[in-house]
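Chain by chain, the residues:
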Amino acid sequence: MKTVKEVSELTGISVRTLHYYDEIGLFKPTEVNEAGYRLYDDKAIDKLGQILVFKELDIPLADIKLIMESPDLDSSSVLAKQRKMLCLKKQRIERIIAGIDEMLKGDNMDFKVFDETELQDMFSDMLENMTESQQQIFIDQYGSIENWKNQLIERASDEKVQKNYSKLVEWYGDKDAVKESMKSAPKSDVFASYQKRMGDIQQRIADMKGTDVNSFEVRQLVGEYDFVAKQLYQLENPKAFLLDMAKGYQENEELAKGIDMVYGSGAAKYIGEAIEWFYLRG
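Computed from a predicted structure; not experimentally measured.

Chemist: So what exactly am I meant to see when it comes to the overall build of the protein chain here?
Modeler: A tally of helices and strands in the protein chain yields 15 helices and three strands. Here the protein chain holds 282 residues, and 36% of them are scored as buried. Here the contacts in the protein chain between residues at least 6 apart in sequence split such that 64% fall between residues at least 24 apart. By element, 51% of the accessible surface of the protein chain is carried by carbon and sulfur atoms, the whole surface being about 16,900 Å².

See below:
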């Protein structure tokens, strides 16, 4: 049996974090002795190892808890999922390294994320998920679907637009994942349903304003928000996307003003802080 201090030294996880994991029911000690000290056996240490793998994959603590508590937990399926996510993480790191190598060589970096053929395909996939009434809005504005597509592709060469595409790649993990999301995007009625649910969750988070953002109730709401974002945007892991959104809520005055008008004064700052705490301090 190991004490919490020994587990901390063995894993590099702080004693405070281990106490927090115990409080939320994610990782509890094997027993607590008469003196009140937490003690852990080898089986518990193995479980902590699994938790740390999930944490390394940027999976939120609330999701890890659900996975670990599942009576139908399929270890083979979990390992396959972990492998896929690690491969995506590896690809992101390789892209960053390649970019640094280019800068070190003094070469001009190519900001073109998607070429014209890829954009044409993505447009077609997006169009398939739109209703006729939605398409008509763009026909009225541009004269035809073809004109709309041509203007989108022309504007795509702008460096700012390409940087936005880079952000999409960051959120989804790689270009193929972005393109796949266009093919498997929810139909318009389902999309609207998910959007409504996300709005409802934001309102419930805003209604908690004044409550500690690290409280179980707030974290539970952000965990639900994380889950719905996965479905709505077809993201493997919405952490990067939601953290960017949280940053905008706190730093973009115009955006914050709009959010506050919908959910109440101070809502943008509070929602942003709640999301940041969920992912960065949990």
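Chemist: Sorry, what's going on with the sheet that holds strand E2 (residues 31-32) here?
Modeler: In any sheet, the strands associate via hydrogen bonds between backbone groups, in a parallel or an antiparallel arrangement. Spatially, E1-E3-E2 is the arrangement adopted by the three strands of the open sheet, whose pairing is antiparallel. The open sheet has two free edges, formed respectively by strand E1 (2-3) and E2, since each of these has just one partner strand. Sheet analysis places E2 next to strand E3 (residues 38-40), joined by two bridges and oriented antiparallel. Across the sheet, residue Val32 finds its bridge partner in E3, namely Arg38.

Chemist: Even after reading the chapter, I still don't get the nonpolar core, so can you show me in this structure?
Modeler: One broad trend across soluble globular proteins is that nonpolar side chains are buried collectively. Ile205, Val222, Tyr225, Leu242, Ile271 and Ile275 are the most contacted members of the largest nonpolar core, which totals 30 residues. Sorting elements by how many residues they give to this core places helix H15 (residues 267-280) first, with eight residues. Not counting residues within four places of it along the chain, the set of residues in contact with Ile275 comprises Val222, Tyr225, Leu242, Leu243, Met245 and Ala246. Within the second largest apolar cluster, 18 residues are counted, among which are Val7, Tyr40, Ala44 and Ile45.

Chemist: What exactly am I supposed to notice about the side chain of Ser8 here?
Modeler: Structurally, Ser8 is set in helix H1 (residues 4-11). Discounting chain neighbours no more than four positions away, the residues touching Ser8 are Ile13, Ser14, Val15 and Leu18.

Chemist: Even after reading the chapter, I still don't get helix H12 (residues 216-233), so can you show me in this structure?
Modeler: The α-helix winds at 3.6 residues per turn, so residues separated by three or four positions along the chain end up facing the same way. For H12, spanning 18 residues, the distance from its first C-alpha to its last is 26 Å, which sits close to the expected 26 Å at 1.5 Å a residue. Taken as a whole, H12 has its buried residues at Val218, Arg219, Leu221, Val222, Gly223, Tyr225, Asp226, Val228, Ala229 and Leu232.

Chemist: What should I look at first to understand the pattern of salt bridges in this one?
Modeler: Where side chains of opposite charge bring their charged atoms close, a pairing between them can arise. Tallying each qualifying case throughout the model produces nine salt bridges. Notably, a salt bridge pairs Lys28 with Asp22, separated by 2.8 Å at the nearest N-O pair. By relative accessible area, which is 49% here, Lys28 ends up partly exposed. Residues Glu224 and Arg204 are paired through a salt bridge, measuring 3.1 Å at the closest nitrogen-oxygen approach. A residue pair is termed long-range when its members are at least 10 positions apart, and Glu224 in helix H12 and Arg204 in helix H11 (residues 188-206) qualify at 20 residues. A relative accessible area of 38% places Arg204 in the partly exposed class. A network of salt bridges, in which partner residues are shared, links Asp22, Lys28 and Arg38.

Chemist: Please clarify how the packing of aromatic side chains should be interpreted in this entry.
Modeler: To describe a pair of aromatic rings, you give the distance between the ring centres and the angle between the ring planes. Throughout the structure, instances matching the rule amount to two aromatic pairs. When the ring of Phe27 is compared with that of Tyr40, the centres are 5.1 Å apart and the planes differ by 10 degrees; the resulting orientation is stacked. Pair noted here: Phe27 is in the loop between helix H2 (15-23) and E2 and Tyr40 is in strand E3, with a separation of 13 residues, a long-range link. Of the two residues, Phe27 and Tyr40, both sit in the buried class. A centroid spacing of 5.0 Å and a plane angle of 90 degrees characterise the contact between Phe278 and Tyr279, whose relative ring orientation is edge-to-face. Its relative accessible area of 6% is what places Tyr279 among the buried residues.

Chemist: Which parts of the structure should I look at to understand H2?
Modeler: Along H2, the residues classified as buried are Leu18, Tyr20, Tyr21 and Asp22. On its buried face, H2 sits against H1, E3, helix H3 (42-56), helix H4 (61-69) and H12. Count one or two residues on from H2 and you reach Gly25, which has phi positive near 80 degrees.

Calculation notes
Residues numbered from 1 in each chain as written. Predicted model: local features only at pLDDT ≥ 70, side-chain atom pairs only at ≥ 80, totals over all residues. Heavy atoms only, no water. Helix = DSSP H or I, 4+ residues; strand = E, 2+ residues; numbered from the N terminus. Buried < 20%, exposed > 50% of the residue type's maximum accessible area, 1.4 Å probe, protein only. Contact = heavy atoms within 4.5 Å. Areas by Shrake-Rupley, 256 points an atom, 1.4 Å probe, with all protein chains shown as cover. Pairing = 2+ DSSP bridges. Core = buried A, V, L, I, M, F, W, Y, C linked by side-chain atoms within 4.5 Å. Expected span 1.5 Å × (residues − 1). Salt bridge = Lys/Arg side-chain N within 4 Å of Asp/Glu carboxyl O. Phe/Tyr/Trp six-rings, centres within 6.5 Å; stacked < 30°, edge-to-face > 60°.

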